[in-house]
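The chain contents come next:
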Amino acid sequence: MAAIPNGTFPRTRMRRTRAADWSRRLVAENRLSPADLVWPVILREGEGVREPVASLPGVDRLSVDAAVDAAQRARNLGAPALALFPFTSVNERSPDGRLALDPTNLMCRAARAIKKAVPDIGLLADVALDPYTDHGHDGVLNDGEIDNDATVEILVRQALVQAEAGFDVVAPSDMMDGRIGAIRDALEAAGHTSVQIVSYAAKYASALYGPYRDAIGAAGVLKGDKRTYQMDPANSQEAVREIALDVAEGADAVMVKPAGFYLDIIRRAKTEIGAPTYAFQVSGECAMIEAAGANGWIDRDAAVMESLLAIKRAGADAIITYFAPFAAERMADGRG
Ligand code: PBG
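About the cut-offs
- Starting afresh in each chain, residues are numbered from 1 along the sequence in its written order.
- Local features are withheld for residues below a pLDDT of 70 in this predicted model, meaning they are given only at 70 or higher, and side-chain atom pairs are given and counted only at 80 or more; totals for whole chains, interfaces and linings count all residues.
- As a rule here, side-chain values cover all heavy atoms of the structure and leave hydrogens and water aside.
- Counting from the N terminus, the helices are the DSSP runs of H or I reaching at least four residues and the strands are the DSSP runs of E reaching at least two.
- Pairs of residues are marked as contacts when any of their non-hydrogen atoms sit within 4.5 Å.
- When charges are counted, neither His nor the chain ends are considered; positive counts come from Lys and Arg and negative counts from Asp and Glu.
- In plain terms, the charge of a residue is placed at NZ if it is Lys, CZ if Arg, CG if Asp and CD if Glu.
- By convention in these notes, a salt bridge is any Lys or Arg side-chain nitrogen within 4 Å of a carboxyl oxygen on Asp or Glu.
- A 1.4 Å probe rolled over the protein chains alone gives each residue an accessible area, and that area as a share of the maximum for its type sets the label: buried under 20%, exposed over 50%, partly exposed in between.
- Nonpolar cores were defined as sets of buried Ala, Val, Leu, Ile, Met, Phe, Trp, Tyr and Cys residues, with membership established by side-chain atoms within 4.5 Å.
- Any two rings among Phe, Tyr and Trp, with Trp reduced to its six-membered ring, count as a pair given centres within 6.5 Å; such a pair is stacked if its planes are under 30 degrees apart, edge-to-face if over 60, and tilted if neither.
- Whether a residue is near a molecule or strand depends on its heavy atoms: if one lies within 4 Å, it is near.
- We define a polar contact as two N or O atoms separated by no more than 3.5 Å, with the added condition that, inside protein, one atom must be a possible hydrogen donor and the other a possible acceptor, whereas residues neighbouring each other in sequence contribute only through side-chain atom pairs.
- Areas reported here follow the Shrake-Rupley algorithm with a probe of radius 1.4 Å; residue values treat only the protein chains shown as occluding.
- Site definitions follow a grid-based scheme: protein atoms alone, a 1 Å grid, a 1.4 Å probe that fits but cannot get out for cavities, and for pockets an open set with protein on both sides within 12 Å along at least five of seven lines, plus lining residues having an atom within 4 Å of a point.
- Grid points define the cavity or pocket, and a molecule sits in it when more than half of its atoms lie within 2 Å of them.
- Ten residue types, Ala, Val, Leu, Ile, Met, Phe, Trp, Tyr, Cys and Pro, are classed as nonpolar, four, Asp, Glu, Lys and Arg, as charged, and the remainder, Gly among them, as polar.
- Grid points are joined across faces, edges and corners, and a volume is the space filled by probe spheres set on the points.
- Each patch is built from residues that are more than 30% exposed by relative accessible area and take part in no salt bridge. Like charges join if they lie within 9 Å; nonpolar side chains (Val, Leu, Ile, Met, Phe, Trp, Tyr) join within 5 Å.

Undergrad: Got a minute to help me understand the overall build of the chain in this structure?
TA: Along the backbone of the chain there are 11 helices and 12 strands. Along the longest, intermediate and shortest principal axes, the C-alpha atoms of the chain span 70 × 45 × 40 Å. Taking as baseline every contact in the chain between residues at least 6 positions apart, the subset at least 24 positions apart corresponds to 74%. Once the 37 positive and 46 negative side-chain charges of the chain are each reduced to a mean point, those two points are 10 Å apart.

This is the structure we're talking about:
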């Protein structure tokens, strides 16, 4: 780029291109589209159920039939995919999270119903044990520690069950080492050669997951924290290594999570690795905007759209956000 000589004002006035709406639109470098959005849907048992989550205003747990309606709505709005997560009650949880492997569990039933009704919507499955364990961790415990290799064996079986149920994408969010390669090999061997893996490759031990843990029923059961497997918020070089490893093991796309506090990581993922890059605007990010908006401290709608545009500007190709239906609807009305 040419150097800008000194003293060019008033020949150069940066405000000229900002002066009118038509011009601002023409020079905009990034634009959000419904095609960027993945809608996270929290499932629960029942029929005709839409159950609000207190810490996540605007998000309901949906029974399978309501999730089918959501898929229809996403398709009509031009949002390409849904990411499904299950609420599990305490009495269905176990030390090894074995409900994860049941082909008739809530996730699998929802995938079958959605794929039948709306075959062209993309479906992402969360691969992890925290919705199913009675201690709320993403893996199995051995002497009080998360056992990496024993967990990977279970995750492989969970991913196969999900692929069998019709999920297009398995998305491991557990942060165990070596799970991407193990899952890829198992999918290939089972003939699921076109099932994608979107790896939660750089997932941080963040304070922003609270409302999600409420939503899936893990809040009361989680013992301790996840710092032995999720990343330290202090690190970015390590994130680039994590992402490179997962791509080498066969991930089709990678994810940075959370999004808004980690825009530098999204940018590095995009420029240094270059694989398709997802960013997850997590529950706490959405809850903060909702809470400040509800208090009249910020303009909620404008803050939502700005937060998503910032994530896109940082380099995300796809954004998983609870605001997906709201944002897509707003864009359908012609408002960015
Ligand atoms: C863990 C998982 C988490 C989320 C999705 N899968 C976080 C965690 O409890 O560690 C968070 C999503 C959100 O906060 O919206 N498998």
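Undergrad: I tried to follow the pattern of salt bridges on my own but got confused; where do I start?
TA: Applying the stated criterion to the full structure yields 22 salt bridges. Two residues, D252 and R184, come together in a salt bridge whose shortest N-O distance is 3.2 Å. Of this pair, D252 sits in the loop between α7 (237–249) and β10 (253–257) while R184 sits in helix α5 (residues 179–189); the two residues are 68 residues apart in sequence, bridging distant segments of the chain. The exposure class of D252 is partly exposed, given its relative accessible area of 34%. When salt bridges that share partners are traced, they join E290, R300, D301 and R330 into one network.

Undergrad: Even after reading the chapter, I still don't get the nonpolar core, so can you show me in this structure?
TA: Nonpolar side chains in soluble globular proteins tend to end up buried together. Counting residues in hydrophobic clusters, the biggest one holds 112 residues, and the most contacted among them are V41, L82, L84, I114 and Y278. Leave out the neighbours within four places in its chain, and V41 touches L62, A67, A70, L82, A83, L84 and F85.

Undergrad: Before we go on, may I ask you to explain the packing of aromatic side chains in this structure?
TA: Note on aromatic pairs: each is described by the distance of the centres and the angle between the planes. Under the counting rule described, the total for this entry stands at 5 aromatic pairs. With 6.2 Å between their ring centres and 55° between their planes, F85 and F280 make a pair best called tilted. Note that F85 is positioned in strand β4 (residues 81–86) and F280 in strand β11 (residues 277–281), a separation of 195 residues in sequence. The exposure class of F280 is buried, given its relative accessible area of 2%. Note on Y200 and F280: the rings are 6.1 Å apart at their centroids and 45° apart in plane angle, and the pair reads as tilted.

Undergrad: Looking at this model, I keep getting lost on the site of the ligand. Mind explaining?
TA: Near the ligand there are 17 residues, and of these R213, Q230, K257, S283 and Y322 occur at the shortest range. Within the side chain of Y212, an N or O atom sits 3.4 Å from a nitrogen atom of the ligand. Within the contact set of the ligand, an oxygen atom lies 2.9 Å away from a side-chain nitrogen or oxygen of K226. Protein coverage of the free-state accessible area of the ligand, which is 400 Å², stands at 100%. In this structure, the ligand is accommodated by the largest cavity. Grouping the constituent residues of the shell around the ligand by class yields 7 nonpolar, 3 polar and 7 charged.

Undergrad: Can you help me understand empty space enclosed by the protein in this one?
TA: In this approach, a probe sized like a water molecule rolls over the atoms, and the result shows the empty space that is left. By the definition in use, this model includes 1 cavity of 30 Å³ or more. In terms of lining residues, the largest cavity is bounded by 15 residues, among which D130, K203, Y209, Y212 and K257 are the most central. The residue makeup of the lining of the largest cavity, split by class, is 6 nonpolar, 3 polar and 6 charged.

Undergrad: What should I look at first to understand a nonpolar patch on the surface in this one?
TA: Taken together, the side chains of W22, L26 and V27 define a hydrophobic patch exposed on the protein surface, amounting to about 370 Å² of accessible area. The residue W22 is located in helix α1 (residues 21–27) in this model.

Undergrad: Mind showing me how you'd approach a positive patch on the surface here?
TA: Where like charges cluster on the molecular surface, the positive patch consists of R13, R15, R16 and R18. With respect to the helices and strands, R13 occurs in the segment before α1. Given the relative accessible area of 42%, R13 is considered partly exposed.

Undergrad: Explain the layout of surface pockets here, please?
TA: Taken as a whole, the second largest pocket holds about 360 Å³ of empty space. What lines the second largest pocket is a set of 22 residues, and nearest its centre among them are W39, G58, V59, R73 and P325. Taken together, the elements giving at least two residues each to the lining of the second largest pocket come down to β1 (37–43), β3 (60–62), α2 (64–77), α9 (283–294) and α11 (324–332).

Any functional reading would require information beyond the geometric quantities listed.
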